[in-house]
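Breakdown of the fold
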Amino acid sequence: QVQLVESGGGLVQGGGSLRLSCAASGRTFSWYTMGWFRQAPGKEREFVAAVSRSGGITNYADSVKGRFTISRDNAKNTVYLQMNNLKPEDTAVYYCAARNSLVVVSTEDGYNYWGQGTQVTVSS
């Protein structure tokens, strides 16, 4: 089992940047494919980005391509989400998730472990 703790959320103006971090503890971090999801008020949780075990393969939702970058540091047991050119529609609770598989997927039910979430609010 792995425990996930997100940090780095906050309030930012449109066009600004934030970097989210997700620290993992428990089982060997490098065994897990990692993902970021988000849930806006009144909406279902949606996929944002995912990264393979080694960091060599990434996948992004169309809505964030070119603006967000997912990366990981297996030595630090941490996955990151760099978010640039933020828009008000990026406002949501962002969740880190782990999947005990080498296959990178974008479906919520493909992930076994979840963090508690961190709030990102983008003002216009």
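Since the structure is predicted, the reported quantities are computational estimates derived from the model, not experimental observations.

1. Concerning the packing of aromatic side chains
Inspection of the entire model under this criterion finds five aromatic pairs. Aromatic side chains Phe37 and Tyr111 sit 5.3 Å apart centroid to centroid with 75° between the ring planes, which places their arrangement in the edge-to-face category. One end of the pair, Phe37, is in strand β4 (residues 33-39); the other, Tyr111, is in the loop between β9 (92-99) and β10 (113-114), with 74 residues separating them in the sequence. Taken as a pair, Phe37 and Tyr111 share a single burial class, namely buried. An aromatic cluster of at least three residues, connected via ring pairs, comprises Phe37, Phe47, Tyr111 and Trp114. Cation over ring: Arg45 sits above Tyr95, and NZ or CZ is 4.7 Å from the ring centre. The ring centre of Phe29 lies 4.4 Å from the NZ or CZ of Arg72, which sits over that ring.

2. Focus on the sheet that holds strand β3 (residues 18-26)
Read from one edge to the other, the open sheet built from four strands follows the order β1-β3-β8-β7, with strand pairing classed as antiparallel. Of all strands in the sheet, those with a lone pairing partner are β1 (2-7) and β7 (68-73), marking the two edges. Strand-to-strand twist in this sheet, taken as the mean axis angle between neighbours without regard to direction, amounts to 15°. Two elements, β3 and strand β8 (residues 78-83), share six bridges in a ladder whose sense is antiparallel. Paired with Cys22 across the bridge in β8 is Val79.

3. Here's the deal with the pattern of salt bridges
According to the stated counting rule, one finds five salt bridges in the structure shown. In this structure, the salt-bridge partner of Arg38 is Glu46, at a minimum N-O distance of 2.6 Å. Across the pair Arg45 and Glu108 runs a salt bridge, and its minimum N-O distance is 2.8 Å. Here Arg45 is found in the loop between β4 and β5 (46-51), whereas its partner Glu108 is found in the loop between β9 and β10, with 63 residues between them in sequence.

Calculation criteria
Residues numbered from 1 in each chain as written. Predicted model: local features only at pLDDT ≥ 70, side-chain atom pairs only at ≥ 80, totals over all residues. Heavy atoms only, no water. Phe/Tyr/Trp six-rings, centres within 6.5 Å; stacked < 30°, edge-to-face > 60°. Helix = DSSP H or I, 4+ residues; strand = E, 2+ residues; numbered from the N terminus. Buried < 20%, exposed > 50% of the residue type's maximum accessible area, 1.4 Å probe, protein only. Lys NZ or Arg CZ within 6 Å of the ring centre and 35° of its normal. Pairing = 2+ DSSP bridges. Axes fitted to C-alpha atoms, helices over the stretch in contact; angles between N-to-C directions. Salt bridge = Lys/Arg side-chain N within 4 Å of Asp/Glu carboxyl O.

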